[in-house]
Amino acid sequence: MFDPFNLHLLHDVGAFQIGIGAALVAALAWHDDALSVALLGATTGALVHAISHVIDRSLGGRPSDPWTMSVLAILLGAALVLRRSARQARPASAQADK
């Protein structure tokens, strides 16, 4: 199914590489919060993946793919915001325990 060169597959791989890179950078700032790091990486990868599906609409796939991927990115982003809000709301002594 994949020719020697498949532009959309290349975009997908790039999207997830960007997500991994974002997680590595986030780990420098949030070294004590692995869940936030994972959520940021997943959110970034999902967002770039959604953009890839919008750009690559003419290359195939389902018409619902850009919407589905966008909803996933929004849900992951919301989970990240909730996690960071919860972490910031806790007293400093409770954060040192985790």
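Before any of the text, the structure's been laid out above.
Below: a short report on this structure. Small disclaimer: the values here were computed from a predicted structure and weren't measured. (Residues numbered from 1 in each chain as written. Predicted model: local features only at pLDDT ≥ 70, side-chain atom pairs only at ≥ 80, totals over all residues. Heavy atoms only, no water.)

Overview of helix 3 (residues 65-89)
Stated precisely, the cut-off is as follows: Numbering of helices and strands starts at the N terminus; helices are DSSP runs of H or I of at least 4 residues and strands are runs of E of at least 2. For a helix, the expected span equals 1.5 Å multiplied by the residue count minus one. Categorising residues by exposure relies on relative accessible area from a 1.4 Å probe, with only protein chains included: less than 20% of the type maximum marks a residue as buried, more than 50% marks it as exposed, and the intermediate range marks it as partly exposed.
Spanning 25 residues, helix 3 covers 36 Å between terminal C-alpha atoms, matching the ideal 36 Å at 1.5 Å per step. Regarding helix 3, the residues found buried are D65, P66, M69, A73, L76, G77, L80, R84 and R87.

Structural notes on a nonpolar patch on the surface
Convention followed: Each patch is built from residues lacking any salt bridge and having more than 30% relative accessible area; the joining distance is 9 Å for like charges and 5 Å for nonpolar side chains (Val, Leu, Ile, Met, Phe, Trp, Tyr). Accessible areas in this description were obtained via Shrake-Rupley with a 1.4 Å probe; residue shielding takes into account the shown protein chains only. Note on definitions: salt bridges are taken to be side-chain nitrogens of Lys or Arg within 4 Å of carboxyl oxygens of Asp or Glu.
Together, F5, L7, L10 and L59 line one region of the surface with nonpolar side chains, adding up to about 400 Å² of accessible area. Considering the arrangement of structural elements, one finds L10 in helix 1 (residues 7-29).

Section: helix 2 (residues 34-55)
Going by this rule: Any two residues having at least one pair of non-hydrogen atoms within 4.5 Å are treated as being in contact.
In this model, helix 2 (22 residues) spans 32 Å end to end at C-alpha, consistent with the 32 Å of a helix rising 1.5 Å per residue. What helix 2 keeps buried is the set S36, V37, L39, G41, T43, T44, G45, A46, H49, A50, S52 and H53. Looking at the buried positions of helix 2, the neighbouring elements they touch are helix 1 and helix 3.

Looking at the environment of A46
Among the secondary structure elements, A46 is positioned in helix 2. Taking the C-alpha atoms as reference points, A46 and I74, 28 residues apart in sequence, are found 8.7 Å from one another.

Concerning the pattern of salt bridges
The tally for this structure, following the rule as stated, stands at five salt bridges. D32 is paired through a salt bridge with R87; the nearest N and O atoms lie 2.9 Å apart. Here the residue D32 occupies a position in the loop between helix 1 and helix 2, and R87 occupies one in helix 3, the gap between them amounting to 55 residues. Classification of D32 as partly exposed rests on a relative accessible area of 38%. Taking the shortest distance from any N to any O, the salt bridge between D33 and R84 comes out at 2.9 Å.

A look at the environment of H49
Locating H49 in the fold gives a position in helix 2. For the pair formed by H49 and F16, sequence separation is 33 residues and the distance between their alpha carbons is 7.4 Å. If near-sequence neighbours (up to four positions away) are discounted, H49 is found in contact with D12, A15, F16 and M69.

In short, the description is geometric, and any link to function would need to be established separately.
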